[in-house]
Every structure is written in structure tokens, then in C-alpha cells.
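# Topology and contacts: notes
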Amino acid sequence: MSVKSASEPARFAYWVPNVSGGLVTSKIEQRTDWGYDYNRELAVLAENNGFDYALSQVRYMASYGAEYQHESTSFSLALLLATQRLKVIAAVHPGLWHPGVLAKLGATADQLSGGRFAVNVVSGWFKGEFTALGEPWLEHDERYRRSEEFIRTLRTIWTEDHAELAGDFYRIRDFSLKPKPLNSSERPHPEIFQGGNSTAARQMAGRVSDWYFSNGKDFDGVSEQLEDVREAAAAAGRPAPRFGLNGFLIARDTEAEARDVLREIVAKADTDAVRGFESAVTQAGKSASDGKGMWQDSTFEDLVQYNDGFRTGLIGTPEQIAERIVAYKRLGADLFLLGFLHYKEEVEYFGRRVLPLVRELEAELPQEATGHLTGPTAVRA
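Residues numbered from 1 in each chain as written. Predicted model: local features only at pLDDT ≥ 70, side-chain atom pairs only at ≥ 80, totals over all residues. Heavy atoms only, no water.

## Remarks on the overall build of the protein
The criterion, for reference: Going along the chain from the N terminus, every DSSP run of H or I of four or more residues is numbered as a helix, and every run of E of two or more is numbered as a strand. Atoms counted for the radius of gyration: C-alpha only. Globule rule: 2.2 Å times the number of residues to the power 0.38. Remark: exposure states derive from per-residue accessible area (1.4 Å probe, protein chains only) relative to the maximum for the residue type, with buried under 20%, exposed over 50%, and partly exposed in between. Between two residues, a contact is recorded if the distance between any of their heavy atoms is within 4.5 Å. Using a 1.4 Å probe, accessible areas were evaluated by the Shrake-Rupley method; residue-level cover was limited to the displayed protein chains. Only four residue types enter the tally: Lys and Arg on the positive side, Asp and Glu on the negative side; His and the chain ends are excluded. Taken as the charge location is NZ of Lys, CZ of Arg, CG of Asp or CD of Glu.
What the protein contains, in helices and strands, is 12 helices and 12 strands. For 381 residues, the compact-globule formula gives about 21 Å, and the C-alpha radius of gyration of the protein, at 20 Å, lands near that figure. For the C-alpha atoms alone, the extent of the protein along its principal axes is close to 60 × 50 × 45 Å. Going through the 381 residues of the protein one by one, you find that 57% of them count as buried. For the protein, long-range pairs separated by at least 24 residues make up 76% of all intrachain contacts whose partners lie at least 6 apart in sequence. Here the protein displays about 15200 Å² of accessible surface, and carbon together with sulfur accounts for 50% of that area. Here the protein contributes 43 positive and 54 negative side-chain charges, whose respective centroids are spaced 2 Å apart.

See the structure below:
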């Protein structure tokens, strides 16, 4: 298990709104836009307000409140070329991408951006996209087995000449990629993220991934996932991946204002779209070998933010949110993947009002290894 110092600052990412409908499936006003001009300005604003990463979403067809969408890898490259420091993570699906083709695209994007490209390997929950494209839909654990092989192939191509790999899903024979992505001792290849809450996802993360993304969770949920992933990494004889936590952030000057916004989001939920999404993701998670897949305990209200972002509890005053972020950090969270209702205004508010408080609280932490501490009892779970 890798051990990090509590003095290492928390990092922040935001969901790129390259998909129409915003980050909540609700008829509430959302001042955001899925187009490029808006997102280019947002990316610059975000990197100037303390954000380290942006994650470009991926949908391949209109569905569940996301009628329009830009493809993630091309959109990520456009954002990389519009920024100076921001790292952009492109979400991709094994089964719709060949790892060698993605390796080539990623190497080019990494070279052009000075080493800021990353990838999020999504094993897939939306069966309809695969069947509409005439591609086979694998059972849950098989999708993760394919994703693990996808990651191993991608890493091999990025780091070795004359790459060879004979797997169940991919076969590489004397394949050399030049130019390769930029590399250093700290970053030998573009960072590889993955998501998923299931047992198969946690074990895969421990064996092959650089980062593990979780859906929204409370303190107990984060502790449980971290323990499982670290055990899987230890069994594989490798350092544990870094941990990223999803959260929908509603920061207002008073807690009452923030809670009122949450109530309005849920009250104005697009019921048909949420129910359609619920049907698709429940089927995907239940197909896990132990029934422990994503969204299995999500309520209707949770699914209004489609990655359970409300459950992380980043809702309240800047002070309350900063305390909660640092409590999660003490548990072992390294990165907070945030969504917002009104993107530009709230990204700027986060950088001006919330982030300085986070840094103040981090400076007060004892200089001890993180990953085994509990959150302060004053912070509600």
C-alpha cells in the first residue's frame, strides 16, 4: 500500500458538461452549456480557480436527459489546447475502442498538450449503446475482465517497444508506437482512471489502475471501498491506486439556501428520464456476480444526480463543505470530482470561497499518513 503525507493537498476535478442536460436530471434552471465555446471558457476559469483535472463524459447516443453530446476524446484534446495547466481525462469504453487505436490518439494528445492527457476506462452500463451499434454486450464481470486487459494493453503499448500481448480480448504482435506519450519517473505514461463500485471493479483497480473513481459515498462507504481496493492492490503486489470521489457541490452563503437548492432540484426532477436511467443502471449493476454493482442502493433522489453526487454531502456553507472535504481527505480521498448547477458562477465561487478554507484546514492536519483516520464527528455523514 502506498502511504501519502497528510500535507499533500487535495486535488479537484470537474465534470465537463459536454453532454446536454447539465449534471442533474431536473427541470430546474441550469446555467451551463454543452457547446465548445462555453466549455473552452469554463476550462480556463477552472484552471485559474484551483482545478487540476477535468473529466469529459461519454455518451454515444441520445438518452435519459442527454439529447446531445460531444465525443470525449476529441473534446478533451480541444480543451487541452485551450488551457495551460489543466489535465483532461477522456472517458472511453472498451468494446467500442481498440486499445492500440486509443494508445495512438492518447500519445498524440499527450505530446500536443505537454503531458496533460489522461483516460478514464468505463466498463459500461448502457446496454442500448452497444446493441444499437451492433456490438456484443458482455455480462458484468466479463466487461471488467475486458477492461483490465484493455488497460494492460494500453500501458504496454505506451511503455514498451515491440509490444506483445496475447489475451482473451486483445492480441498485440510486435507493435511499436512512436512517438510515445511524454514520460517521467513520476508519470511513466498518461494516467489511467477507472470507475465502478462492484467487487470486480475494486479488484481490477487494485491490480491495474492508477486512479479509482467512486460514485458519491458517505464516510462509511468511502472507508469500505478504500479497504477493498487496498487489499486487492496488496494481493497484486503493487501500490494502491489513488482514490477519486464524486460529489455534486452546492455552496451558498447559508446552509438553508444550499438545502433549498437541493430540494428544488429533486422536486423538479425529470421523472421519466430518471426512471429510464434507473432501469438501465439497475439492470447493469444487478448482473454483477455478487449483485454488488453500481447504483444498487441508490434512491430516486440519488439518481437525479446520475453518479450519486448528492450522497457525498458537499452541500452547505463554504465552511461546512471545506470541513467535509478535509474529513474525506483524512480517510484517504485524493481527488474530488465535482459537478455544479450553474457552472461558471459556482466554479468561481468554489475557487474564491471554498478552496482557501480547504487549504487552511489542510495546513492544520497532523503530519501523519492518511488513509486510516475517521472524519470529525462534528461533520454530518
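## Some words on the nonpolar core
Inclusion rule: The definition of a nonpolar core used throughout is a set of buried Ala, Val, Leu, Ile, Met, Phe, Trp, Tyr and Cys residues joined through side-chain atoms within 4.5 Å.
Ranked by size, the top nonpolar core spans 85 residues in total, and within it Phe12, Tyr14, Phe51 and Ile265 carry the most contacts. By residue number, the principal contributor to this core is helix α12 (residues 343-363), which donates 8 residues. Listed in part, the 23 residues of the second largest apolar core include Ala103, Tyr144, Ala163 and Ile192.

## Digging into the side chain of Asp110
Within the secondary structure, Asp110 is located in helix α3 (residues 99-113). Contacts of Asp110, omitting those with residues within four sequence positions, involve Gly115, Arg116, Phe117, Pro181, Leu182, Arg187 and Pro190.

## Some details on helix α6 (residues 199-208)
Of all 10 residues that make up α6, 7 are buried, and the element is covered over most of its length. Residues of α6 that are buried include every one of Ala200, Ala201, Arg202, Met204, Ala205, Gly206 and Val208, and no others. In this fold, the buried residues of α6 make contact with α5 (140-159), β7 (192-194), β8 (211-214) and α7 (219-236).

Coordinates in, geometry out; function isn't part of it.
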